[in-house]
Amino acid sequence: MNRKIPQQITRRAFLSTTAKVAIGAAGLLAGSTGLFYYGAVTHRKVGSEARPKSVVKLGRVADLKLLQGVERINYEAEYVDAWYTKPVKDFVYVTIDEAGKLLIMSPACSHLGCSVVPAKEAQQGGNADMFFWCPCHGAGFDKQGGAVYAVTRGLDRFEPIISDGSVYFDIMKPIRETEKA
Ligand code: FES
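The structure displayed is predicted, hence computed values, not measured ones.

What counts, and at which threshold
Per chain, residues are indexed from 1 in the order of the written sequence. Since the coordinates come from a predicted model, pLDDT governs what is reported: local features require at least 70, and pairs of side-chain atoms require 80 or more to be given and counted, while whole-chain, interface and lining totals use all residues. At least two bridges found by DSSP between two strands are what make those strands a pair. Only runs of H or I of at least four residues qualify as helices and only runs of E of at least two qualify as strands under DSSP, and these elements are numbered from the N terminus. Only the contacting stretch of a helix is used when fitting its axis, a line to C-alpha atoms as for every element, and angles between N-to-C directions run 0 to 180 degrees. Joining buried Ala, Val, Leu, Ile, Met, Phe, Trp, Tyr and Cys residues through C-beta atoms within 7 Å gives a set, and that set is a nonpolar core. With C-beta atoms placed from the backbone, the exposure class of a residue follows from how many other C-beta atoms lie within 10 Å of its own: 20 or more, buried; 12 or fewer, exposed; in between, partly exposed. C-beta atoms are placed from the backbone for every residue, and two residues are taken to be in contact when these atoms lie within 7 Å.

Visitor: Help me get a handle on the sheet that holds strand S6 (residues 132-133), residues and values and all.
Guide: What the four strands build is an open sheet, ordered S5-S6-S7-S8; its pairing is antiparallel. This sheet does not close on itself; its edge strands, each paired only once, are strand S5 (117-118) and strand S8 (147-149). Of the pairings in the sheet, the one linking S6 to strand S7 (residues 140-141) comprises two bridges and is antiparallel in character. The partner of phenylalanine 132 across the bridge, within S7, is phenylalanine 141.

So, in structure tokens, the structure goes:
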């Protein structure tokens, strides 16, 4: 094939290419800014009709701030994925950690998913850090959901979403705890 390979780029070709790259970069930037803006708007509108059915209202910020110890909060929501939607009735454990941060913990044991319950003295087996106990195979978790017995990963958490003076969380977005070595 007789293909001509330019030895030198002309000034006109250089300017034309530079302009195309600049326009492309500006387009990309505009697109990503739009995404961030969309995220911000979604966050602010979470309490309105725009709220996805998988987002659950936990309670008023003012009430949750007064939480003492660990509280179990029941909820109803909808599990929604690309294939199907189904109603969900479940609960989370909620507490405030030493730093004053609200923790929303899934009750699903990190071993095989059974719901953990508050540990009785006999179930703690002398491990005072064990606050939650799994009735299936005996795994233990501390008050903040950290693994303390028989498993190496703590309970999943949900990020609190603050909107209009209330706290919400999305059941479709659990945050997986990292495995302890
Ligand atoms: S499911 Fe919890 S210890 Fe196995």
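Visitor: Go over the sheet that holds strand S10 (residues 161-163) with me, naming the residues and quoting the values.
Guide: Read from one edge to the other, the open sheet built from three strands follows the order S1-S11-S10, with strand pairing classed as antiparallel. Two strands lie at the open edges of the sheet, namely strand S1 (55-60) and S10, each paired on one side alone. Along the sheet, successive strands turn relative to each other by an average axial angle of 35 degrees, direction set aside. Bridge analysis of S1 against strand S11 (residues 166-170) gives five bridges, and the strand direction is antiparallel. Its bridge partner being in S11, valine 55 is matched across the sheet by aspartate 170.

Visitor: Please provide a residue-by-residue account of the nonpolar core, values included.
Guide: A general trend in soluble globular proteins is that nonpolar side chains are found buried together. Ranked by size, the top nonpolar core spans 29 residues in total, and within it Leu58, Ile104, Val116, Phe141, Tyr168 and Phe169 carry the most contacts. Mapped by element, the contributors of at least two residues to this core are S1, strand S3 (85-96), strand S4 (102-105), S6, S8 and S11. In this structure, phenylalanine 141 is in contact with Val116, Phe131, Phe132, Gly146, Ala147, Val148, Gly154 and Leu155, ignoring residues within four places of it in sequence.

Visitor: Give a description of the environment of leucine 66 that names residues and reports values.
Guide: Assignment of secondary structure puts leucine 66 in the loop between helix H2 (61-64) and strand S2 (71-80). Each C-alpha atom of the pair leucine 66 and threonine 95 lies 10.0 Å from the other, and the pair is 29 residues apart in sequence.

Visitor: Break down the pairing of S2 for me, with residues and values.
Guide: Strand direction decides the pairing type here: S2 and S3, joined by ten bridges, are antiparallel. Bridge assignment links isoleucine 73 to a residue of S3, and that residue is valine 92. The hairpin formed by S2 and S3 contains four residues between the paired strands.

Visitor: Explain unusual backbone geometry to me, and be specific about the residues and the numbers.
Guide: The backbone of alanine 150 sits at a positive phi, close to 70 degrees, despite the residue not being glycine. Under the C-beta neighbour-count criterion, alanine 150 is labelled partly exposed, with 14 such atoms within 10 Å. Unusually for a residue other than glycine, aspartate 164 sits at a positive phi of about 50 degrees. Mapped onto the fold, aspartate 164 is located in the loop between S10 and S11.

Visitor: Any chance you could break down the environment of threonine 178 for me, citing the residues and the numbers?
Guide: Tracing the chain through its elements places threonine 178 in the segment after S11. Among the residues examined, threonine 178 registers 9 C-beta atoms within 10 Å and is labelled exposed. Separated by 23 residues in sequence, threonine 178 and leucine 155 have C-alpha atoms that sit 9.7 Å apart.

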